[in-house]
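# Tertiary structure, described
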Amino acid sequence: MFKRSSPNRQRLAALALLGAPLLSYPLLALPEGQMNGIPDVFLYLFGVWGGLIGLAAWVAEHRGK
Amino acid sequence: MTYKILIADDEPNIVISLEFLMKKEGFQVAVANDGEDALDKVGSFAPDLLLLDVMMPKKSGFEVCEALRADPSLAGLRIIMLTAKGRQTEVAKGLAIGADAYITKPFSTKELVAKVRSMLESV
Amino acid sequence: MTSSWLVALLSTAYLGLLFAIARFGDARADAGKSIISANVYALSLAVYCTSWTFFGSVGRATSGGLSFLTIYIGPTLMILCVSVIVKMVRISKRQRITSIADFIASRYGKSQFLAGLVTVIAVIGVVPYIALQLKAISASLDVLFQQAVEASEPWWLDSTFAIAAVLAVFTILFGTRHLDATERHEGMVAAVAFDSVVKLAAFVAVGLFVTYGLFGGMSDIFQRAAATPELTRLLGLDHGRPETWTSLVLVSGLAILFLPRQFQIMVVENVDEGHLRRAVWLFPLYLLLINIFVLPLAIGGLLHFAGRPVNPDTFVLTLPLAQGAEGLAVFAFIGGLSAATGMVIVETIALSTMVCNDLVMPWLLRLQSFPLSERQDLSGILLGIRRGAIALILLLGYAYFRAAGEAYALVGIGLISFAAVAQFAPAMFGGMYWKAGTRAGAIGGLLGGFAVWLYTLLLPSFAKSGWIGSAFVEEGLFGWPWLKAQALFGLSGLDEISHCLFWSLFANIGLYVAVSLLSRPGVVEASQAERFVDILRYDHPAAEARLWRGRASVEGLVGLLERFLGPARARQQLAAYAASRKVSDWRRIAADAQFVHFAETQLAGAIGSASARVMVSSAVEEEPLGLEEVLDILDEASQVRAYSRELERKSGELEAATAELRSANERLLELDRLKDDFVSTVTHELRTPLTSILALSEMLHDDPEIELSDRMRFLGIIVAEGERLTRLINQILDLAKLESKQAEWTSGEVDIAEVVRESAGSLGRLFQDRRVALSTELPDGGPLVVLADRDRLMQVMINLLSNAVKFVPPGDGRVRVAMTKEAEDVRVEVADNGPGLGAGEAEVVFEKFRQGGDTLTGKPQGTGLGLPISRRIVEHFGGRLWVESRPGQGATFIFTVPLPRQKT
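Residues numbered from 1 in each chain as written. Chains lettered and ligands numbered in written order. Predicted model: local features only at pLDDT ≥ 70, side-chain atom pairs only at ≥ 80, totals over all residues. Heavy atoms only, no water.

## Some remarks on the overall build of chain B
Selection criterion: Put simply, DSSP H or I for four residues or longer makes a helix, DSSP E for two residues or longer makes a strand, and each gets a number counted from the N terminus. All radius of gyration figures rest on C-alpha atoms, and the globule criterion is 2.2 Å times the number of residues raised to 0.38. Under the scheme applied here, a residue whose accessible area is under 20% of the maximum for its type counts as buried, over 50% as exposed, and between as partly exposed, the area being computed with a 1.4 Å probe on protein chains only. Contacts between residues were defined by any pair of non-hydrogen atoms, one from each residue, lying within 4.5 Å. To measure how exposed things are, a 1.4 Å probe is used in the Shrake-Rupley method; for residues, cover is taken only from the protein chains shown. Asp and Glu are treated as the negative residues and Lys and Arg as the positive ones, with His and the ends of the chain left uncounted. For this purpose, a charge sits on NZ of Lys, CZ of Arg, CG of Asp or CD of Glu.
When you go through chain B residue by residue, the secondary structure sums to 5 helices and 5 strands. Its helices and strands in sequence order give chain B the pattern β-α-β-α-β-α-β-α-β-α, from N to C terminus. Against the 2.2 N^0.38 benchmark of 14 Å for 123 residues, chain B shows a C-alpha radius of gyration of 13 Å, consistent with a compact globule. Projected onto its principal axes, the C-alpha coordinates of chain B cover approximately 30 × 30 × 25 Å. Burial status across chain B gives 51% buried among its 123 residues. Taking all contacts inside chain B whose residues are at least 6 apart in sequence as the whole, residues at least 24 apart take part in 61%. Carbon and sulfur atoms make up 52% of the accessible area of chain B, which totals about 5200 Å². Charge separation in chain B, taken as the distance between the mean sites of 15 positive and 18 negative side-chain charges, equals 3 Å.

## Observations concerning the side chain of Gln262(C)
For Gln262(C), the location among the structural elements is in helix 12 (residues 260–268). With a relative accessible area of 0%, Gln262(C) lands in the buried category.

## Quick look at the domain arrangement of chain C
In many analyses, interface size is given as the accessible surface area lost on bringing the parts together. Residues and elements named next belong to chain C. Note the following rule: Note that the domain bounds were set by an automatic or database domain assignment. We define buried area as the total accessible area lost by two parts upon association, computed with a 1.4 Å probe and summed across both. Whenever Lys or Arg places a side-chain nitrogen within 4 Å of a carboxyl oxygen from Asp or Glu, that contact is recorded as a salt bridge. Polar contacts, as used here, are pairs of N or O atoms within 3.5 Å; protein pairs need one atom able to donate a hydrogen and one able to accept it. Residues neighboring in sequence count only if both atoms are side-chain atoms.
As far as domains go, chain C holds domain 1 (4–365 + 387–407), domain 2 (423–519), domain 3 (540–625), domain 4 (640–739) and domain 5 (748–898). Between the C-alpha centres of domain 4 and domain 5 there is a distance of 27 Å. Opposite the 11 residues of domain 4 that make contact, domain 5 presents 11 residues. For the pair domain 4 and domain 5, the two sides together bury roughly 1200 Å², of which 63% comes from carbon and sulfur. By the criterion of area lost to domain 5, the three top residues of domain 4 are Gln 731, Leu 735 and Leu 738, representing 39% of everything that side buries. Viewed at the interface, domain 5 and domain 4 are joined by 1 salt bridge. Between Arg 792 and Asp 734 there is a salt bridge, and its shortest N-O distance comes to 3.0 Å. There are 2 residue pairs in polar contact (both at pLDDT 80 or more) connecting domain 4 and domain 5.

## Quick look at the nonpolar core
Residue and element names in this part refer to chain C. Applicable threshold: For this analysis, a nonpolar core means a set of buried residues of the types Ala, Val, Leu, Ile, Met, Phe, Trp, Tyr and Cys, connected via side-chain atoms within 4.5 Å.
Phe 258, Phe 418 and Phe 424 are the most contacted members of the largest nonpolar core, which totals 198 residues. Counting contributing residues per domain, this core is built from domain 1 (4–365 + 387–407) and domain 2 (423–519), each supplying no fewer than three. Among all residues touching Phe 424, those that are not within four sequence positions of it are Ile 100, Ile 104, Val 118, Ile 121, Ala 122, Phe 258 and Leu 446. In this structure, Leu 728, Ala 743, Leu 837 and Leu 881 belong to the second largest nonpolar core, which totals 49 residues.

## Let's talk about the interface of chain C and chain A
Rules: When residues are sorted by character, Ala, Val, Leu, Ile, Met, Phe, Trp, Tyr, Cys and Pro go into the nonpolar class, Asp, Glu, Lys and Arg into the charged class, and all the rest, Gly among them, into the polar class.
The interface is formed by 41 residues belonging to chain C together with 32 residues belonging to chain A. The partner of Arg278(C) in a salt bridge is Glu61(A), and the shortest N-O contact between them spans 2.7 Å. Of all elements in the fold, only helix 4 (70–80), helix 5 (82–95), helix 10 (218–227), helix 11 (242–258) and helix 13 (275–291) of chain C reach the threshold of two or more residues within the side of chain C that touches chain A. Considering every element that reaches the side of chain C that touches chain A, the biggest residue donor is helix 13 of chain C, with 10 residues. Taken together, the residues of the side of chain C that touches chain A break down into 25 nonpolar, 8 polar and 8 charged.

## Describing the sheet that holds strand 2 (residues 28–32) of chain B
Residues and elements named next belong to chain B. Counted only if it meets this: When DSSP finds two or more bridges between a pair of strands, those strands are recorded as paired. Lines fitted to C-alpha atoms define the axes, with helix axes restricted to the stretch in contact, and inter-axis angles between N-to-C directions lie between 0 and 180 degrees.
Here 5 strands make up an open sheet; going across it, the order is 2-1-3-4-5 and the pairing parallel. Two strands bound the open sheet, and with one partner strand each, they are strand 2 and strand 5 (101–104). Direction aside, the axes of adjacent strands within the sheet are offset by 20° on average. Contacts from helix 1 (residues 12–24) reach strand 1 (4–8), strand 2, strand 3 (49–53) and strand 4 (78–83), with the element oriented near 165° to strand 2.

## Topic: the sheet that holds strand 7 (residues 825–832) of chain C
Residue and element names in this part refer to chain C. Within the open sheet, the 5 strands sit side by side as 4-6-7-9-8. Their pairing is mixed. Across the chains shown, the open sheet's two edge strands, defined by having one partner strand only, are strand 4 (772–777) and strand 8 (881–885). Between one strand axis and the next, the sheet turns through 15° on average, direction left out of account. Alignment of strand 8 against strand 9 (residues 891–898), held across 5 bridges, turns out to be antiparallel. Along strand 9, the bridge assignment pairs Val 883 with Phe 893. The strands touched by helix 32 (residues 752–762) are strand 4, strand 6 (813–821), strand 7 and strand 9; relative to strand 6, the strand with the most contacts, the crossing angle is about 170°. Running over the sheet, helix 36 (residues 866–876) touches strand 8 and strand 9 and is turned about 125° from strand 8.

## Structural notes on the pairing of strand 5 (residues 785–788) of chain C
Residue and element names in this part refer to chain C. Burial along strand 5 is one-sided: the residues Val 786 and Ala 788 are buried and none of Val 785 and Leu 787 is. Direction of pairing for strand 3 (residues 748–751) relative to strand 5: antiparallel, over a ladder of 4 bridges. The residue of strand 5 that forms the bridge with Glu 749 is Leu 787.

## What about a nonpolar patch on the surface?
Selection criterion: Exposure above 30% relative accessible area and the lack of any salt bridge qualify a residue for a patch; like charges then connect within 9 Å, and the nonpolar side chains Val, Leu, Ile, Met, Phe, Trp and Tyr within 5 Å.
Nonpolar side chains collect at one region of the surface, where Leu477(C), Phe478(C), Trp480(C), Trp482(C) and Phe489(C) lie side by side and expose about 580 Å² of accessible area between them. Relative to the assigned elements, Phe489(C) resides in the loop between helix 22 (471–474) and helix 23 (496–518).

## What to know about the interface of chain B and chain C
Every contact between the two is made by 22 residues of chain B and, on the other side, 26 residues of chain C. A buried area of about 2300 Å², summed over both sides, lies between chain B and chain C, and 59% of it is on carbon and sulfur atoms. Applying the counting criterion to the chain B and chain C interface returns 3 salt bridges. Between Arg724(C) and Glu11(B) there is a salt bridge, and its shortest N-O distance comes to 3.1 Å. Counting the contacts that link chain B with chain C gives 5 residue pairs in polar contact (both at pLDDT 80 or more). Ranked by residue count, the leading element in the side of chain B that touches chain C is helix 1 of chain B, at 7 residues.

## What to know about the packing of helix 11 of chain C against helix 23 of chain C
Residues and elements named next belong to chain C. Put simply, the rule is: Our angle categories are set so that under 35 degrees counts as roughly parallel, over 145 as roughly antiparallel, 65 to 115 as roughly perpendicular, and the remainder as oblique. Less than a right angle of anticlockwise turn of the near helix away from the far helix marks a crossing as left-handed, whereas a clockwise turn marks it as right-handed.
Taken N-terminus to C-terminus, the directions of helix 11 and helix 23 make an angle of 60°; their axes are 9 Å apart at the nearest point. With respect to their mutual orientation, helix 11 and helix 23 come out oblique. Crossing handedness for the pair helix 11 and helix 23: left-handed. Across the interface between the two elements, Glu 243, Thr 244, Ser 247, Leu 248, Leu 250 and Val 251 from helix 11 touch Ile 497, Ser 498, Leu 501 and Leu 505 from helix 23. Looking at side-chain class alone, the contact of helix 11 with helix 23 contains 6 nonpolar, 3 polar and 1 charged residues.

## Some thoughts on the environment of Ala590(C)
All names here are of chain C. Note on placement: Ala 590 falls in the loop between helix 27 (567–580) and helix 28 (593–607). Its relative accessible area of 43% is what places Ala 590 among the partly exposed residues. Sequence separation between Ala 590 and Val 40 is 550 residues; the distance between their C-alpha atoms is 42 Å. Not counting residues up to four positions away in its chain, the partners in contact with Ala 590 are Val 554 and Phe 595.

## Digging into the pairing of strand 4 of chain B
Residue and element names in this part refer to chain B. This is how it is decided: A crossover gets the label right-handed when its path from the first strand over the helix to the second runs clockwise, viewed with the strands pointing away from the viewer.
A large share of strand 4 lies buried, amounting to 6 of its 6 residues. The pairing of strand 3 with strand 4 spans 5 bridges and is parallel. Bridge pairing links Leu 51 to Ile 80 in strand 4. For the crossover that starts at strand 3, traverses helix 3 (residues 61–69) and ends in the parallel strand 4, the hand is right-handed.

Pasting the structure below:
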């Protein structure tokens, strides 16, 4: 159960605050070029996104117990 | 008249000194080495005064004193308690259960003799 | 070959499977064994991914590259703000909220007008979106059969209608089983979750097929795109439009909360707040997975169909078909179908609830001819209205689909819908976090925002479709250039979504805040504001009860409940309420404020909070409470709670502190008592020899006549007692040092056998004097070396030996010393044939001043400190000292000293 003022909820909200700038401009303009033919921006977007999901899963499933 | 004094103490050297002191004063003396012995000797020896040590094997001085004071036929018996424990509570306890006087060890022989005499003669 | 009947059969079979799952889910829910787990909940949230995702994302990617990802990044970021969602869920459960319209209306004083307004906005914004789903199904059928049977007649038009009809039946069956809209539709949720799995599997299958079957993997596709000039721009982001990216993230983040279907699934259908813990990452993960292959598919399609007029929105189907993979194409079709059905079902249920409760009911209640006062079961009518609303909404969707066809107004509707529901954001967030927001403010904001949305986004899309003149877009309304629909007040250079979002939210928030600040809330508004904003702090039934004053009759309210819930369900709820109040029969419930509150909440679950308020106030006599009074009660309630919590905490702390102090005090008293005893004992032990010394020397001093023999005897006693006193003082000091750990130790290698021999030797004289036999049994072989202090070890041995000799009967006493080497230590025994010790004495002898052997033979010589000191010494070396004995059988003192660790 999420309880009131649960630190978990704050950790998750912090992840959102971290994700927002990482997944928008101006940072999005930085990755250029490509790796193995795959555009860097493609890797960046999915990488950061996946990373956020991983962290969220870790926070939500493990720290909450 | 010769007064009879019973000395009840488990320290042999103290008994020796008390016995010598009382005999020198002209009293008739008997010795008991523990609490039960003391009670027996009170019956057989019929002392006028009992010098009673508190810390004794088998029965403590308090127990002996209580037992003696419970017997109305012994109302005339004077009891002086002796103890090496100088605590006020023990003095109070001894007097409360019927001792006539309380003297802490070590004691002055002169004072002891004076006390014994005054108690025997005040009857 | 794919034949129409096979597809029809598969589609029917798929819908049949959904039916079965929903039935199963409902059956389990009825049996009290919910199948809604955290995973099912998280998957059902993916109803967000409609056919617009399934087919449309690829289409968007062919023109905008990776910008389609914004639609999924926004929800990811929003769902991480779990506390917002938890708050919505809590409020909705407490207030029995049935829809987003109900939520907003309930917050702003249970306003029927507001509920209706939100419903209208939602219907206008979302019905075209439903049409888009129908179009997607029809378009995919089109693709499937254009290439299969060369059908000339537009037969699919009817099949789309058939599908719409089937969906209507499905929705009616599973969406209106109970009247109580807060009653969860668990079967439907399970079916939607299953839909989510199917559409993900289908999309990923196509993605893998194209990326790794048709092409040589992602790198291959991207490298080929890089080599094609017109495709290179798809590989990067359009850095020229950062505001588009941001506004799309924002609008989709809001959509995940405020789209009626998302509110339905996320809030109304939530079974357990704890499920959010899974959803918070599983749902974003779902979004990520379903998007990985979008760009490869888009580029793959463009490369593959280069030059051919193939609609990119159909690449998911056409690419497999072009390769002859018809099975996969059919699977993709089923995936698209599942994406569309899931959306349509949930959206229709949500909208029908809103239409029924917030448009039709208020209208009915106002009709003079409506049989309000008659005792009649209205629950059937209500269900009928809701079912009619479902059919109507789907019909509207179908009609819009037929009318719009390929028009822009349909293609672009996804984001237009999103922008419409974004208008709910100020009233929702303000309602949950800002107590000063008022009904007037919410109405102003919503009307303003909705008008701007209509003017800058929906109407221009109609104009683009050619349905209405486009003058207001190109030249501005009435020819005023600053009223150009997509460059309002000269704001140009933005894309239409960002433009609309900016101006509509500007107007919305501005009006909401300004009007709220200028208006005064009514009583119900103010109390609802407190309840919503402080939901996490506020649960106080007593205050709830005090917030209502008046006279009610149980019959009147029960009558209302029976009419709107149906008699059976009403009785069931009443019985549950009676049980919670500990009343055996609900007919004897008191018609107090709490019961009125209960009745109103129950009604709210059926007909929405606004209509419920109207109905309840018509059935009871209410005394209006002043605004100040209401606020006072609520304030007091939360303050009292805060105070009492604080008090509880403080008194808990005090209690703990008191208990601690008490136990500390007890420990101190115990220590004090022990110290006191010790001092008293020491005093006694010191005074006893002093008494003899003093008495005897006084007599010698006072009486010179004492005979010589007595004189010598007395002096002997004085000397002996003096020695005793000295020994005692030494041992007390020794023990004090040992106890305070200040003793000095010299540690070295000691041959313990030698120590034993030596100590036996040094006491040999004493043994002889007392005629006690001493025997020693030492092990053969070399020295037994231990690490110890030699002198201390000797002290222990001498102590034990002199103890033994003291207690054995003189004359035929026997003392035996034995030493054995064991695995880890050396064991030394000193056994005597003395009187032995009773069971109780075995430990007592190791206490200070507690000597054993009280006998008639007199007090044993000793200080009563030897054994305690010995034990401390042995323990210092890491060994043990104890005694084994039985009365009459002698005593054996045993100690051990550990051998040094072997260094091998």
